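Each chain, letter by letter, is given below.
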Amino acid sequence: MKRIICTVTNDLNFDQRMIRICTSLTNAGYTVLLVGRKLSNSPILKKQPFRQKQFGLFFNKGKLFYLEYNFRLFFYLLFTRFDAVCAVDLDTIVPGFIISKIKQKICIYDAHEYFTEVPEVVNRPLVKKIWENIAQLIIPRIKYAYTVCESIAEVFYEKYNTQFIVIRNVPNKKPLPVNIKKKVSPFIIIYQGVLNEGRGLEEVIEAMQYLENTELWLAGEGDLSNKLRALVTEKKLEKKVVFYGRISPDELYKLTAKAHVGLNLLQNKGLNYYYSLANKTFDYMQAGIPSLCMAFPEYEKINKEYNALYLLDNLNVGEIINAINFYKNNESAYQEKCKNSRFAAEDLIWENEEKKLLNFYVKILG
């Protein structure tokens, strides 16, 4: 059997995308190993059909984290057998590319995001320059690559002259809630994902001051966790904003199905967000609820086909309030969005994207 090593810098328990990819490859007959990192608060790894390995590191953020992780990964790949290494995002590509050349094996690039345009990079000129140099040096030399949406694939082809196929980050098909969502009080808004900069979370919390009979549920943790909790306390919104922390994918689905509207709001702080197609939008569809998204290219494409989203032209408190009140005060329009979300959920599923993934690997590895 062909051996594939996939490399990420995430906590493996919560990387739903890689769990789906590695499970599909394993079920197709490949021997798969997913390599990530272990944080001090990481739970015990949940058993998966594929093998898993996590590095416990001394440094968990900043330059020293990336240096330590890539150093560890370099030597691990050097002394581990594989037929192909799949580097997920730019922060794991250097050791994967170098070792694949040394061993004369295949290097695959999985661009989950436009890494040099994420908010944490785009506003730091020196850091951005380093990652751009890495990208310019390596990506044009990668023969096999895929990414999550057409917009990023087009940008990468123009910038690096490398062809990326598109494998969207969509969830596995789940049984839809039996009943159409009823607008009972309180009206529940949910956000699932990391609590990081540029996700519109501060604006949503501000808007909660002006929304009656409404609760905001935040499922995740991140760099802004403490800041957001302090903001909730400052605005005296403890009874209206609930922090659930990081929860397992199965529990997250159950929680989302209880909500009325999902949030996927991004500040236009770099092309990564502007061209994004976040998996949370599809997760909301699987739970049978509509979502609020920005009027960015990929979401406009989705809405043109399914009309399951409410698109905001600008990310500000006033627009958020108007959008939530639209759902709360227009029963027929809300139910229509729910119906369209359920229809989209039948189509935008991993079972369809999986076919493209497996065809991609069959052409490379047989």
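Parameters at a glance
- Residues take numbers from 1 onward in each chain, read along the sequence in its written order.
- A pLDDT threshold of at least 70 governs which residues receive local features in this predicted model, and a stricter bar of 80 or more applies before side-chain atom pairs are shown or counted, although totals over entire chains, interfaces and linings include all residues.
- Hydrogen atoms and water are omitted, and side-chain values are computed over all heavy atoms in the structure.
- What counts as a ring pair is set by centres within 6.5 Å for rings of Phe, Tyr and Trp (its six-membered ring), and what kind of pair is set by the plane angle: stacked under 30 degrees, edge-to-face over 60, tilted for all other angles.
- Only protein chains enter the area calculation, which uses a 1.4 Å probe; residues under 20% of their type maximum are buried, those over 50% are exposed, and those in between are partly exposed.
- We call a charge positioned above a ring when the Lys NZ or Arg CZ atom is no farther than 6 Å from the ring centre and deviates by at most 35 degrees from the ring normal.
- Numbering of helices and strands runs from the N terminus, with a helix taken as a DSSP run of H or I at least four residues long and a strand as a DSSP run of E at least two residues long.
- By convention, a crossover is right-handed whenever its connection, traced from the first strand over the helix to the second and viewed with the strands pointing away, goes clockwise.
- Here the rule is simple: two strands pair whenever DSSP picks up at least two bridges between them.
- Values of pLDDT, ranging from 0 to 100, describe the predictor's confidence in every residue of the model.
- For every element, the axis is a line fit to its C-alpha atoms; helices are fit only across the contacting stretch, and the angle between N-to-C directions ranges from 0 to 180 degrees.
- Between two residues, a contact is recorded if the distance between any of their heavy atoms is within 4.5 Å.
- Salt bridge, as used here: a side-chain nitrogen of Lys or Arg that lies within 4 Å of a carboxyl oxygen of Asp or Glu.
- Residues with no salt bridge and a relative accessible area higher than 30% make up the patches, which join like charges within 9 Å and nonpolar side chains (Val, Leu, Ile, Met, Phe, Trp, Tyr) within 5 Å.
- Here the open area of atoms and residues is found with the Shrake-Rupley method and a 1.4 Å probe, where only the protein chains shown may cover a residue.
- Neither His nor the chain ends is counted toward charge; the positive residues are Lys and Arg and the negative residues Asp and Glu.
- Throughout, a charge is located at the NZ atom of Lys, the CZ atom of Arg, the CG atom of Asp or the CD atom of Glu.

Novice: Before we go on, may I ask you to explain the packing of aromatic side chains in this structure?
Specialist: Two aromatic rings, taken as a pair, are described by how far apart their centres are and by the angle between their planes. Under the definition given, this model contains 25 aromatic pairs. When the centroid spacing of 5.2 Å and the interplanar angle of 80° are considered together, the rings of Phe74 and Phe75 count as edge-to-face. Here Phe74 falls in the partly exposed class, since its relative accessible area comes to 23%. You can call Phe75 partly exposed: its relative accessible area is 36%. Ring geometry for Tyr327 versus Tyr334: centroids 5.7 Å apart, planes at 85°, classification edge-to-face. Taken individually, Tyr327 and Tyr334 each receive the classification buried, so the pair is uniform in this respect. Three or more aromatic residues link up through ring pairs in this structure, and these residues are Phe55, Phe65, Tyr66, Tyr69, Tyr76, Phe115 and Trp131. Lying across the ring of Tyr253, Lys174 places its NZ or CZ 5.6 Å from the centre.

Novice: Can you help me understand the pairing of strand S9 (residues 214-219) in this one?
Specialist: It is a general feature of regular strands that their side chains alternate between the two faces of the sheet. Counting buried positions along S9 gives five out of six residues, so the element sits mostly inside the fold. The parallel pair strand S8 (residues 187-192) and S9, bridged by helix H7 (residues 201-207), forms a crossover whose chirality is right-handed. Note: S9 against strand S10 (residues 241-243), three bridges, orientation parallel. Its bridge partner being in S10, Leu218 is matched across the sheet by Phe243. At this point the chain moves from S9, through helix H8 (residues 225-234), to the parallel S10, and the crossover so formed is right-handed.

Novice: Just checking my understanding: could you explain the sheet that holds strand S5 (residues 106-111) for this structure?
Specialist: Paired through backbone hydrogen bonds, the strands of a sheet run either parallel or antiparallel to each other. Taking strand neighbours across the sheet as the criterion, the seven strands line up as S3-S2-S1-S4-S5-S6-S7 in an open arrangement whose pairing is parallel. The outermost strands of the open sheet, each flanked by one partner alone, are strand S3 (51-56) and strand S7 (165-166).

Novice: Please explain the confidence of the model for the protein chain as it appears in this structure.
Specialist: Caution applies to low-pLDDT parts of the model: their predicted coordinates are not meant to be read in detail. Per-residue confidence for the protein chain gives a mean pLDDT of 92; residues scoring 70 or more make up 98%. Mean pLDDT across the elements of the protein chain bottoms out in helix H4 (residues 119-122) (81) and peaks in strand S1 (residues 3-7) (98).

Novice: Got a minute to help me understand the sheet that holds strand S12 (residues 291-294) in this structure?
Specialist: The parallel open sheet is built from six strands, whose spatial order is S10-S9-S8-S11-S12-S13. With one partner strand each, in any of the chains shown, S10 and strand S13 (309-312) form the two edges of the open sheet. For this sheet, the mean inter-axis angle between neighbouring strands, taken without regard to orientation, is 25°. Across six bridges, the pairing between S8 and S9 is parallel. Within the sheet, the bridge partner assigned to Phe187 lies in S9 and is Thr214. Sitting on the sheet, helix H12 (residues 297-306) is in contact with strand S11 (261-264), S12 and S13, with an inclination near 145° to S13.

Novice: What is the right way to look at the pattern of salt bridges in this model?
Specialist: Two side chains bearing opposite charge may form a pair once their charged atoms approach each other closely. A complete count under the given rule lists 15 salt bridges for this structure. The salt bridge involving Lys173 is made with Glu346; its shortest N-O contact spans 2.6 Å. Here Glu346 lies in helix H14 (residues 331-347) and Lys173 lies in the loop between S7 and S8, a separation of 173 residues in the sequence. Under the relative-accessibility criterion, Lys173 is labelled partly exposed at 40%. For Glu346, a relative accessible area of 42% translates into the label partly exposed. Notably, a salt bridge pairs Glu234 with Lys235, separated by 3.9 Å at the nearest N-O pair. We classify Glu234 as exposed; its relative accessible area is 53%. For Lys235, a relative accessible area of 25% puts it in the partly exposed group. Put simply, Glu117, Lys128 and Glu132 are held in one network by salt bridges that share partners.

Novice: Got a minute to help me understand the side chain of Arg20 in this structure?
Specialist: Within the element layout of this structure, Arg20 appears in helix H1 (residues 16-27). Contacts of Arg20, omitting those with residues within four sequence positions, involve Asn169, Val170, Pro171, Asn172 and Trp350.

Novice: Where do I start with unusual backbone geometry in this structure?
Specialist: Of note in this structure, Asp89 is not a glycine but carries a positive phi near 70°. Among the secondary structure elements, Asp89 is positioned in the loop between strand S4 (84-88) and helix H3 (93-103). What makes Asp89 buried here is its relative accessible area of 9%.

Novice: Just to check I follow, could you spell out a positive patch on the surface for this structure?
Specialist: A contiguous patch of positive charge on the surface is contributed by Lys2, Arg3, Arg51, Arg81 and Lys105. Mapped onto the elements, Arg51 comes out in strand S3.

Novice: Help me understand a nonpolar patch on the surface in this model?
Specialist: A cluster of nonpolar side chains, contributed by Phe58, Phe59, Leu64 and Leu67, occupies part of the molecular surface with about 490 Å² of accessible area. Structurally, Leu64 is set in helix H2 (residues 62-78). Judged by its relative accessible area of 46%, Leu64 is partly exposed.

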